[in-house]
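Remarks on the overall topology
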Amino acid sequence: MITLTLKEQPNVPLEAEVLSPDAMAALANDAIRALPVYLGKKLCRVDDFFAVEGEASDELKICGDARKVKWIGRGMTCGRITIVGNAGMHLGAYMTGGAIEVSGNASDWLGGEMTGGLIRIRGNAGGQVGAAYRGSRIGMKGGTILIEGTAGLEVGMRMKRGTIVVGGMVRDFAGLEMRGGTIVLLSGAEIRTGAWMMRGTIVSLKPIPLLPSFLYASTYNPTFLRLYAKHLGTLGFTIPYEEQDGAYQRYTGDTSIPGKGEILIWKSVKA
Amino acid sequence: MTGERGASLERRGVRVVDTFAEAFDMCAARVLITANSPAWARTAALCMTGFATSVIGCKVEAGIEAELFPDQTPDGRSGASVLLFGFDAAGLANRLVERVGQTVLTCPTTACFDGLPQAAERVIVGGLLRHFGDRFQSSKFLEGQRYWRIPVMEGEFLIQETFGVQKAIGGGNLLILATDQNAALAAAEAAVDVMRKVRGVILPFPGGIVRAGSKVGAKRYKKMIASTNDAYCPTLRGRAGVTSELPEGVNSVLEIVVDGLDRPAIENALSVGIDAACRPGVVEISAGNYGGKLGKHHFRLHSLLSEAST
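This report concerns the structure included in the present document. Since we're looking at a predicted model, the values are computed, not measured.

Before going further, it helps to spend a moment on the overall build of chain A. Each helix and strand in chain A was counted, giving three helices and 17 strands. Its C-alpha atoms give chain A principal-axis dimensions of about 60 × 35 × 25 Å. Counting only residues that meet the buried cut, chain A has 58% of its 271 residues in that class. Across chain A, every contact between residues at least 6 apart in sequence was considered, and the portion connecting residues at least 24 apart equals 42%. By element, 51% of the accessible surface of chain A is carried by carbon and sulfur atoms, the whole surface being about 10,600 Å². Here chain A carries 30 positive and 25 negative side-chain charges, and the mean point of each set is 6 Å from the other.

Residue and element names in this part refer to chain B. By the element assignment, L301 lies in helix α7 (residues 301-309). Residue L301 is classed as buried on the basis of its relative accessible area, which comes to 0%. Separated by 288 residues in sequence, L301 and G13 place their C-alpha atoms 16 Å apart. If near-sequence neighbours (up to four positions away) are discounted, L301 is found in contact with V16, V17, T19, L174, I274, I285, S286 and A287.

Below, the discussion takes up the pairing of strand β15 (residues 252-260) of chain B. All names here are of chain B. The buried fraction of β15 amounts to nine of the nine residues, a majority that puts the element mostly inside the structure. Residues S252, L254, I256, V258 and G260 of β15 are buried on one face, and the alternating residues V253, E255, V257 and D259, pointing to the opposite face, are buried as well. Of the strand pairs in this sheet, strand β11 (residues 162-178) and β15 are connected by eight bridges, and their pairing is antiparallel. Of the residues in β15, the one forming a bridge with I169 is G260. Strand direction decides the pairing type here: strand β12 (residues 201-202) and β15, joined by two bridges, are antiparallel. When the sheet's bridge partners are listed, V201 is paired in β15 with G260.

Turning next to the interface of chain B and chain A. Taken together, the contact pairs 17 residues of chain B with 18 residues of chain A. Across the chain B/chain A interface, buried area totals approximately 1,500 Å², and carbon plus sulfur atoms make up 53% of it. Scanning the region where chain B abuts chain A turns up one salt bridge. With its nearest N and O atoms 2.4 Å apart, the salt bridge here joins E262 of chain A to R149 of chain B. The tally of links from chain B across to chain A stands at nine residue pairs in polar contact (both at pLDDT 80 or more). Elements supplying a minimum of two residues to the side of chain B that touches chain A: β6 (111-114), β8 (138-142), β9 (145-152) and β10 (155-160) of chain B. By residue class, the composition of the side of chain B that touches chain A is seven nonpolar, three polar and seven charged.

For the rest of this paragraph, the subject is the environment of G57 of chain B. Along the chain, G57 of chain B falls in helix α2 (residues 55-58). Taking the relative accessible area as the measure of exposure, G57 of chain B reaches 55% and is therefore exposed.

This part takes up the pairing of β9 of chain B. Residue and element names in this part refer to chain B. As paired strands, β8 and β9 are joined by five bridges and run antiparallel to one another. Considered in β9, the bridge of S139 is made with W148. Taken together, β8 and the strand that follows it, β9, pair antiparallel across an intervening segment of two residues, in which E143 is found at a positive phi of about 50°. Inspection of the sheet shows β9 paired to β10 by six bridges, in the antiparallel sense. Looking across to β10, one finds that V152 is bridged to G155.

When two helices pack together, their arrangement is captured by the angle between the axes and the distance separating the axes. Residue and element names in this part refer to chain B. Running from N to C, helix α1 (residues 38-48) and helix α3 (residues 89-104) point in directions that differ by 140°, and their axes come no closer than 9 Å. In terms of axis orientation, α1 runs oblique to α3. Taken as a pair, α1 and α3 cross one another with a handedness that is right-handed. Contacts between α1 and α3 involve A44, C47 and M48 from the former and L96, R99, V100, T103 and V104 from the latter. Considered class by class, the residues forming the contact of α1 with α3 number six nonpolar, one polar and one charged.

All names here are of chain B. Structurally, D114 is set in strand β6. Its relative accessible area of 6% is what places D114 among the buried residues. When neighbours within four sequence positions are excluded, D114 is seen to be in contact with R30, L32, R122, Q160, T162, F163 and G164.

What counts and what doesn't
Residues numbered from 1 in each chain as written. Chains lettered and ligands numbered in written order. Predicted model: local features only at pLDDT ≥ 70, side-chain atom pairs only at ≥ 80, totals over all residues. Heavy atoms only, no water. Helix = DSSP H or I, 4+ residues; strand = E, 2+ residues; numbered from the N terminus. Buried < 20%, exposed > 50% of the residue type's maximum accessible area, 1.4 Å probe, protein only. Contact = heavy atoms within 4.5 Å. Areas by Shrake-Rupley, 256 points an atom, 1.4 Å probe, with all protein chains shown as cover. Lys, Arg positive; Asp, Glu negative; His and termini not counted. Charge placed at Lys NZ, Arg CZ, Asp CG, Glu CD. Pairing = 2+ DSSP bridges. Buried area = accessible area lost by both parts, 1.4 Å probe. Salt bridge = Lys/Arg side-chain N within 4 Å of Asp/Glu carboxyl O. Polar contact = N/O pair within 3.5 Å; in protein donor to acceptor, adjacent residues only side chain to side chain. Nonpolar A, V, L, I, M, F, W, Y, C, P; charged D, E, K, R; others polar. Axes fitted to C-alpha atoms, helices over the stretch in contact; angles between N-to-C directions. Parallel < 35°, antiparallel > 145°, perpendicular 65-115°, else oblique. Left-handed = near helix turned anticlockwise from the far one by under 90°.

Next up, the structure:
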């Protein structure tokens, strides 16, 4: 394992896409310390900001409050990054494989346009989780993002495939212009959920305010959610699916597009 | 089909002929059917495996491999595992689309999953049946697999896009030669009971038992591809043109045909079947073969008997 301990908080964002197993897995300690990072537009070395222990491993451990360290794990294809602390913007953007775990919070654009792999945030996440970058048509195309806390605006914007699960409350525009994939909201969301969504599924275990362009279809227990429940159960998230516990109300939309997406809202028999 | 006779062994007073069952290369698929209750899963599985006794007349051989508990199925419901055998992957794909489309899609509460996820060869099933959804269907992609959600009047039918197909073996068999019909049937039933507990095999004939074993072609009807196995028909003993294979005292013969995903599964099924079939009223256990000329898989009964002993 390679352990990088943040020496001090950078005064401006530090762009460090070399903090990735792909960049470090084959390097000796000296070479890792010499890898380039950018403090603003100033070229620096990794060891200007991090104490580096270990070498030649596809397992990275980053310790410290890295909330100003951007692009960690950018485009990673394999291996594992464990962040003990917080992570900055664009964590795991464009990643295709491997796993990232953050014990604290993550900032905006978490898993932006990722196509594979697993990201787990124990704390809260910012906005644009798994989203498409500005000017890009497609966001996340695969993989799984698990957020145990809350998340910000535009979660899953233009995502096409993959799964996002958020344990806490999610802010406005979750699933904005969604093309496919699945967003699971364990604690519901604020307003305009699913706006302009074309395809895909948003599951909410709590009632959420719906746009008038979403139309009620039916109340049922989709079989496919059993597969998701089983899969997410192995990752520590529970979603209900048994008939005796309740059922999902299905709303189709966004009909203003017109879209073929769906919002499934759990209605417990106990409610 | 002939019985190549050699020295015999005995098990509980029943002769086991020194011969072999001759079996053939086939392709197999495993379909996992789930439903809201074990009864509905079984109903769908029974319908799917109906009229699938022999590739000669049915284009496919199929049977229920096992009933599944909720913890054994992809969606956590009760289910049934069905094995289908065909001569090639393309033909098997067609049969899967026909049978799943007509018997599982239509059956209340069911869903349908691939039971051979490790198989390298894949055939498209859900990816074709989705057209029943008339573009109202949608898909989900989870853990590397695509699933189709087809809207139906009852709710939704869920089916995996592709199913695995693997090499398999079809046509392993036992012949139970008994003093009378009741003894033959009792022995065959006892064998079927234990053989059905073996995973990876099916017994495609009614109740697992065949009373109308066949030979290749026909002596008098040249267009027939199979006809009655006259050498094992007790009523034809002594008839001109018939070389009977039946020992004295045999008045009824039943056959058990076994298709399996691999050789060990068939060996296991045959060995427990032979052991169970050795019971009062049975004169001899034999097997059908074509002199070893048609099928490359040979299951020698004496070897199987020694496995059963150990």
